[in-house]
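The residues making up each chain are set out below.
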Amino acid sequence: MACMSSRLECFAPASEITFTINEKKYTVSGDIPPGTSLNTYIRNHANLRGTKVMCHEGGCGSCIVAVRSQNAFTKEKSTYAVNSCLVRVHACHGWAIKTIEGIGNKKTGYNILQTRLAQMNGTQCGYCSPGMVMNMYSLKNDKAVNMQELENSFGGNICRCTGYRSILEAFKSVAVDAPPQLKNKVEDIEELHKMKSCPNSGMTCSWNSNDDYGEDDGDDSNEDFVHVNVHGAEIEQSPKLSRIHLNLKNAQWFKVTNTKEIFEIFDKVGNVPYVLVGGNTARGVYRLTVEPQIYIDVQDVAELKSYSTDSTLTLGGNLSLNDCINLFNTVSKTKYNYAYTEILARHIDLIANVPVRNVGTIAGNLSIKHEHPEFPSDLFLILVTVGATLTIGELLHITLSCVLSIKLMNSIRGDVTILSELHKMKSCPNSGMTCSWNSNDDYGEDDGDDSNEDFVHVNVHGAEIEQSPKLSRIHLNLKNAQWFKVTNTKEIFEIFDKVGNVPYVLVGGNTARGVYRLTVEPQIYIDVQDVAELKSYSTDSTLTLGGNLSLNDCINLFNTVSKTKYNYAYTEILARHIDLIANVPVRNVGTIAGNLSIKHEHPEFPSDLFLILVTVGATLTIASKGFLYRNVSMIDYLDMDMKHKVIKSITLPQIDDTYSLKTYKIMPRAQNAHAYVNAGFLFKLNKTAKGKVLKKPIIVYGGINPYFVHAVNTENFLDGKNLFDFKTLQTAMKILDAELKPDQVLPDASPTFRRRLASALFYKFILSLSPPGLPARLLSGGQDLVRPLSSGKQQFDTDKTEWPLTKPVPKLEALAQCSGEAQYINDLPALPNETFAAFVLTSVGQGYISDIDPSQALKVPGVLKFLCAKDIPGLNNFTPVDLPSFEEYEEVFCSGEIKYAGQPLGLIVAETQALALESVSKVKVEYSNVVHPHLEMRDIIASGDKTRIRVEKEPDAVKKDVPDPNEVAHVIKGSFDIGTQYHFTMETQQCVCVPTEDGMDVYPSSQWMDLTQVGIARALSIPENSINVKVRRIGGGYGSKISRNSIVSVACALAAQVLNRPVRLIMSLESNMEALGKRCDIAVNYEVGTDNSGKVQYLKADFYENAGSSWNEIMVPDSVSFMTSCYDSSAWKVRGLGVRSDIPSTTWCRGPGSTEGVATIEHIMQHVAKVVKKDPLQVRLNNVSSDDTVILQMVKDLKVSADYDARKGSVDAHTHTQELSTITATFQNNRWMKRGIALVPLKYALAYAGNFSALVSIYAADGTVAVAHGGIECGQGINTKVAQAVAYTLGISLELVSVKPSNNLTAPNNATTGASITSELCTYASVQCCKELLKRMEPAKKGLKDPTWPQWVQAAYQQNIDLCATHMYPYNDDVKMYDIFGVTVCEVEVDLLTGRHQILRVDIIEDAGKSMSPEIDIGQVEGAFVMGLGYWLTEYVVYDPNTGKLLTNRTWNYKPPGAKDIPIDFRVELRKNAPNPFGVLRSKATGEPPLCMSCSVLFALRYALDSARIEAGKPDEWYQMNLPATVEHIFLTSLTNIDLFTL
Ligand SMILES: Cc1cc2nc3c(=O)[nH]c(=O)nc-3n(C[C@H](O)[C@H](O)[C@H](O)COP(=O)(O)OP(=O)(O)OC[C@H]3O[C@@H](n4cnc5c(N)ncnc54)[C@H](O)[C@@H]3O)c2cc1C
Ligand code: FES
Ligand code: FES
């Protein structure tokens, strides 16, 4: 049957989905491949590149966007954050998505969150900033957030630059409970309002302020009108007129939030033609012949979107038709006299189609009727029929009006038959049949009627599937796949029925693939987001949760229910546990069933949900075909065949307070990490009768081995026993220890740790029950570490006479970064004809490539080329040995002999990024002579293999070669080993190359343009002058992009040359981590002779550094010299050696050499202190070089400002009863919670090197100034410092100075940006240019009386003075090297029963000279220190010992610090009154030295652990502690084990 009417839409299942991005509607149908993420869509299809991407697995937060959608069950709309990298674009139907561009920008004015983050120094490289802002935006959008909630909600957002303090503070300033000092701080920030000014009106955009998240505050004061010219009509416009006002071409767009604003606009526009924009769908009926000049977007006017069901049913004029349907469907069931509205709902369901009804509004429909009486408006018809009335809002004296609301008559009964027969007109153009699935009942439950199911055949990748128009609400034919969006479980089973054995997936939040990547995309996707029953919950008698309730909805529900239902009070504990799963954006969409399904498919997955649900004895209701429901226990579920089954719901039992419940999750960092071990305990106890166990208890663990759930033997043993009886405890612990059998799977933590931890958690649980008579010192063992709200203090000097130099200003680019306007390499707009490339990597660590066969990859449509060593016309090398730091060639593509697993051997070039990445695995590589790689430095050192060990630096001559034996009271031998660190730049290595008429434009994410240029020229055999390198900024470097970007850029350029097309090479996180070198690991053997005071009399050491697979960039000579720090090294003989191993060639990493050198000597000092039994601080001071008086003074100062002595006293009181050295038997204080404190001094000898150019141009017409320099802006604020210095030198305001992207035309042959010196040297070169310009311009002053800057410039121009100057450092330059000083106090608290710790407080005094830009320098100090914390505490790198492949290559298993890992109290002071006589403009560098002081955390931890070990029965002596000091290593060092557990 054909469609009956051209006027009525035919209701075939929609074959496209629609959503909005920043209020713009997008439609997606089958042409978008099934795996396409929302992120790819936003960036590549909507071309909005403010949203970033890095990990593609929900682990970094750079891709977060805000979504507003309706909950299928509650029907409530809410705004929430999602990781756009995990969301499939086809799952976005009906969503309103906001990206960073949509909440504020240069044109419309910035959002308060963008300005706050920028003003408060919360952005450095800026790559994380859009994600940070959008996470905050989503949090704050629906409700007022307090500081605690806020601080808890950034676990999924990684920032590698800032150290988080500034970000948290910026956002806390808009929290409801922001303290006055924080608010004042905001007000104190200079020029604040200028950053918020609206470019349209030139005024502060008040909609950007805090209250704009709420409703109209009714405050009409201060309405300042400005005049805006609209196409000839002059309109008075107030910044308060509307929330957004855009000057469009020939028109104005107002987005209003209340009707008052509408009338104000009416008032101003007079007779200028206007239109109210509801859903803007009317123009689909009657095309507009003339565009109006005024658009008033009323979508955000709450009153027009509202409804009231009180006595009469009143609908807001702009309620959408679908909202109206939903409302009618609800009201008809609950209000007797409005039962009839169900009929209206059914009629409205026949209007247009779902997308139109989603946005199309009642008033819009009636307005069409008003304007075009011939229009057969269905709404008009039904409203007339039921006698509805309209309330029209009118502006006095003017006849403009808008429909405010519609009142429906009461008392019409459900027997109205006006709409009969209408459904017959709904025949489907696809099937030619009546689309009964579209009729009302199909959105409800199964009607049991299976008749009339007329199927059509759809071919899915060879499998023939019968498909019915009844199958789902939306079905899309994707490439090789089908997408169904269903609204009830019946539809799911119908699809199952049809698809047979074709692989399918239910799409909940689609976050599971952030954990286990999909290797093969399924062919059937069933989007269950809109299945109300799966999203539902019931709190009636038992608590039942729909299978696909999101984890965050679950938290909220538990938090409510626990307060209202006595027997569910326990769910609060579950909520707290779920809060530790993943992060906010993942939990917003990730569902219970999704989580449990991961566990089902991968039994080794330490699912937290599974754990807690088993602990409380929850059951699952599993639905299968034919509406068969089966209730199963969590354990039985694991063994079920889940094919074509659905987790319908989860039922939680009632548990009263006679039960004790506790769950634990111990993980590598505070948030967003999976558990090493998680545990749940549920006991019914008689607490008075020695804790008699009244019922078989529940003891459950995750993370032990794939099949371990219950500690069955221990449960059985304890049944009926007295839990608080010491002997019972001992026996139970032994039984438990025996039945815990953890497996060993790298890179997971060791079995020993996991077994002991599991026992310790059970003991911790028992302590938490406060057994009667428990000694006070054991009590805190039962408590968890409680992290209060973090805070910080920053102190610095500023000299107003030099402003803008020394002025605390936000970064020049801060706002652009916080609004997504700042461009990174991959944000370059799509280029015509562009292609995408991805590396193919070796999978073995040592051997030879015998054959490469790319044929399978090349067969994939869209794959264009495979390139390998033989395709390189010039040198197969990216490390030209005539440039500094390189002594051997490293190959771009492995030509035969493999140096390490992960080495690039070729490049796939394809039409899309996804294709390039997918096709890499299709290149078949054959290897020969494969042998075990040499990975462990200690093994290589022990082998003595001369081909792998090389002396890089002989010891310096010492005063006395043979120490005086009378002065040597102690001979101390030891070693110090520390592993590597991944840079974790939020922007991976990337490059875009574009062939041009004179060669090639190259956009590398490089810290060293010259290397890029030379590398490409040599490899491609083309002249250097044909290569144009340009770098605007990079998204974090920390040394990784000095030399290692070169391989990426050379490979990219080769592809561009071969294909003669633009090529984009964006490294995936995995290949970035596997292919490229990291910080060098070190191993030091030392012998030190000291007197009784700990003063070193001699020191002999061999300092080994892992060079990796080449001898390039060996840093050990630097490490050895940095080891000196502030100490007297006249008797030290330290030899530096390089070790060659089969891992990627190691490279510079923030504080390279210095971090390792300083930590080594501090480790030795700590060792000495232990042996000579002196306070470590005293030993340090005893060794300070006699000429280092500055450091002594700084130590004194910090001891006072940090209140060090008193705090050390209270640490001792908390942790040790007596001086450590005299501790013997009795300990009264905290046995299981220890504290430690340490003070570490630093002298950092800064060396200048390299060439750095600057070019300064002054523009005569307005006096503005542009600067280009040879450094790279990587977040360190180089551009801001340069601009401040230029403005200061020229005597002009900062606003007149602009810093341009760096390029190799104005800065040829320049050195790398690194070693903390580039900001200073580029500033220096720029200042020299300015001085030269001032000199040249001086004569032009003659004849001018007190000229303004523009007048003076103009006069110079008139006299043909060259207003462009260049300078290159070093050129007759007189800056000298200097020392930087710093002192840090760090205090920690350690939970010995878990190995977890928290950093209670850090105080740093850093010597920044006379800081050129104090806010920026504070940011450098904080960021470097926190990066150091990661190095020492959480960032653990593991290689496969057999293949050499990197195993920690994802955010899932590599853990840089998160927002809740930073010091709780973080105080940084830039040393006052300390101008630098030698450096540039009296300042000092700050980028790297603070990282050297982060090792203080190790010594604070040691202080705490010293006490633990003594109490475990060890003598008070030195011990080795494996590094990084992960939770595992801390726990094992503390010696916690079952023999120590007492009551
Ligand atoms: C960064 C990150 C960190 C994480 N950390 C943790 C952690 O620390 N602890 C932890 O426990 N988890 C963790 N997770 C896992 C997270 O909880 C799950 O990804 C999430 O709950 C999965 O839900 P989903 O709806 O997104 O599942 P989806 O990805 O949509 O689906 C996953 C699987 O579930 C199936 N499925 C979905 N719904 C149903 C249903 N109703 N019936 C039957 N099968 C169904 C699908 O077919 C699919 O096979 C983490 C995830 C990420 C991304
Ligand atoms: S890119 Fe999405 S979370 Fe990292
Ligand atoms: S500013 Fe956060 S990652 Fe660089």
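It should be noted that the structure appears before, not after, this text.
Since this is a predicted model, take the numbers as computed values, not measurements.

Visitor: Give me the sheet that holds strand β21 (residues 524-527): which residues, what numbers.
Guide: Pairing in this open sheet of 4 strands is mixed, and the strands run β18-β19-β21-β20 from one edge to the other. Looking along the sheet, the strands with just one partner apiece sit at the ends: β18 (474-478) and β20 (504-507). Along the sheet, successive strands turn relative to each other by an average axial angle of 15 degrees, direction set aside. As defined by bridge partners, strand β19 (residues 481-485) adjoins β21 across 4 bridges and the pair is classed as parallel. Across the sheet, Phe 484 pairs through a bridge with Ile 526, a residue of β21. Its contacts with the sheet put helix α16 (residues 489-499) on β19, β20 and β21, and the angle it makes with β21 is roughly 175 degrees.

Visitor: Can you break down the site of ligand 1 residue by residue, with the values?
Guide: Neighbouring ligand 1 are 37 residues, the closest being Gly 508, Gly 509, Thr 511, Thr 591 and Lys 665. Side-chain polar atom of Asp 608 to a nitrogen atom of ligand 1: 2.7 Å apart, as the coordinates give it. At 2.6 Å, a side-chain N or O of Lys 665 approaches an oxygen atom of ligand 1. Its free accessible area being 980 Å², ligand 1 has 94% of it covered by the protein chains. At the level of secondary structure, the elements contributing two or more residues to the shell around ligand 1 comprise β20, α20 (584-589), α21 (592-601) and β26 (646-652). Broken down by element, the shell around ligand 1 gets its largest block of residues, 5 residues, from α21.

Visitor: Any chance you could break down a nonpolar patch on the surface for me, citing the residues and the numbers?
Guide: A cluster of nonpolar side chains, Leu 875, Val 881 and Tyr 889, forms an exposed patch at the surface whose accessible area comes to about 240 Å². The residue Tyr 889 is located in the loop between β34 (863-868) and β35 (897-898) in this model.

Visitor: Give me the lowdown on the environment of Leu 545, citing residues and values where you can.
Guide: Mapping Leu 545 onto the fold places it in strand β23 (residues 543-546). In the structure, Leu 545 is positioned 106 residues away from Thr 651 in sequence and 6.4 Å away in space, judged by C-alpha atoms. Among residues more than four places away in sequence, those in contact with Leu 545 are Ser 536, Tyr 537, Cys 554, Leu 557, Phe 558, Ile 592, Lys 648, Ser 649, Ile 650 and Leu 652.

Visitor: How would you explain the pairing of strand β31 (residues 791-795) if you had to name every residue and give the values?
Guide: The side-chain alternation of β31 yields one buried face, formed by Gly 792 and Gln 794, and one unburied face, formed by Ser 791, Lys 793 and Gln 795. Where β31 lies against strand β55 (residues 1465-1470), 5 bridges are found, and the strand directions are parallel. Paired with Lys 793 across the two strands is Arg 1467, which belongs to β55.

Visitor: Kindly report on unusual backbone geometry, identifying the contributing residues and their values.
Guide: Cis geometry marks the peptide bond from Tyr 1369 to Pro 1370, where omega comes out at -5 degrees. Looking at the element boundaries, Pro 1370 is found in the loop between β52 (1364-1369) and β53 (1378-1391).

Visitor: Give me the pattern of salt bridges: which residues, what numbers.
Guide: All chains considered together, the criterion is met by 70 salt bridges. Close ionic contact of Arg 950 with Glu 887 constitutes a salt bridge, the shortest N to O distance being 2.8 Å. Highlighted residues: Arg 950 in strand β38 (residues 949-953) and Glu 887 in the loop between β34 and β35, separated in sequence by 63 residues. Bridged by salt links that share partners, the residues Glu 57, Arg 517, Glu 1070 and Arg 1450 form one connected network.

Visitor: Talk me through the sheet that holds strand β39 (residues 970-978); I want residue IDs and the actual numbers.
Guide: Judged by pairing direction, the sheet is mixed, and its 5 strands sit side by side in the order β38-β46-β45-β44-β39 without closing on themselves. Across the chains shown, the open sheet's two edge strands, defined by having one partner strand only, are β38 and β39. Sheet twist, expressed as the mean angle between neighbouring strand axes with direction ignored, is 20 degrees. The pairing of β39 with strand β44 (residues 1082-1090) spans 9 bridges and is classified as antiparallel. When the bridges of β44 are listed, Lys 973 appears paired with Glu 1087. Against the sheet, helix α36 (residues 1154-1172) engages β39, β44, β45 (1096-1108) and β46 (1132-1140), with an angle of about 140 degrees to β39.

Visitor: So, helix α38 (residues 1189-1201): which residues are in play, and what are the values?
Guide: Residue pairs three or four apart in sequence face the same way in an α-helix, which turns once every 3.6 residues. For α38, built from 13 residues, the straight-helix expectation of 18 Å at 1.5 Å per residue is met to within 8% by its first-to-last C-alpha distance of 18 Å. Along α38, the positions that sit buried rather than exposed are Ile 1191, Met 1194, Val 1195 and Leu 1198. The buried residues of α38 occupy one face: seen down the axis, they fall within an arc of 105 degrees. Opposite its buried face, α38 presents the exposed residues Thr 1189, Lys 1196 and Val 1200, each directed more than 90 degrees away. Tucked into the core, α38 has its buried residues touching α37 (1176-1183), β47 (1233-1246), β53 and β54 (1397-1406). One or two steps after α38, the chain reaches Asp 1203, where phi turns positive at roughly 55 degrees.

Visitor: Give me the lowdown on the packing of aromatic side chains, citing residues and values where you can.
Guide: Scanning the entire structure with this criterion turns up 40 aromatic pairs. Their ring planes at 20 degrees and their centres at 6.1 Å tell us that Phe 19 and Tyr 26 sit as a pair that is stacked. The exposure class of Tyr 26 is buried, given its relative accessible area of 11%. Here Tyr 568 and Tyr 570 contribute two aromatic rings whose centre-to-centre distance is 5.9 Å and whose plane-to-plane angle is 35 degrees, an arrangement assigned as tilted. Classification of Tyr 568 as buried rests on a relative accessible area of 2%. The structure contains a cluster of three or more aromatic residues connected by ring pairs, namely Tyr 664, Phe 681, Phe 683, Tyr 701, Phe 708, Phe 762 and Phe 765. When the ring centre of Tyr 1431 is taken as reference, the NZ or CZ atom of Arg 1079 above it lies at 4.5 Å. Cation over ring: Arg 1509 sits above Tyr 1519, and NZ or CZ is 4.1 Å from the ring centre.

What counts, and where the lines are drawn
Residues numbered from 1 in each chain as written. Chains lettered and ligands numbered in written order. Predicted model: local features only at pLDDT ≥ 70, side-chain atom pairs only at ≥ 80, totals over all residues. Heavy atoms only, no water. Pairing = 2+ DSSP bridges. Helix = DSSP H or I, 4+ residues; strand = E, 2+ residues; numbered from the N terminus. Axes fitted to C-alpha atoms, helices over the stretch in contact; angles between N-to-C directions. Contact = heavy atoms within 4.5 Å. Near = heavy atom within 4 Å. Polar contact = N/O pair within 3.5 Å; in protein donor to acceptor, adjacent residues only side chain to side chain. Areas by Shrake-Rupley, 256 points an atom, 1.4 Å probe, with all protein chains shown as cover. Patch = residues over 30% accessible without salt bridge, like charges linked within 9 Å, V, L, I, M, F, W, Y side chains within 5 Å. Salt bridge = Lys/Arg side-chain N within 4 Å of Asp/Glu carboxyl O. Buried < 20%, exposed > 50% of the residue type's maximum accessible area, 1.4 Å probe, protein only. Expected span 1.5 Å × (residues − 1). Arc of directions from axis to C-beta. Phe/Tyr/Trp six-rings, centres within 6.5 Å; stacked < 30°, edge-to-face > 60°. Lys NZ or Arg CZ within 6 Å of the ring centre and 35° of its normal.

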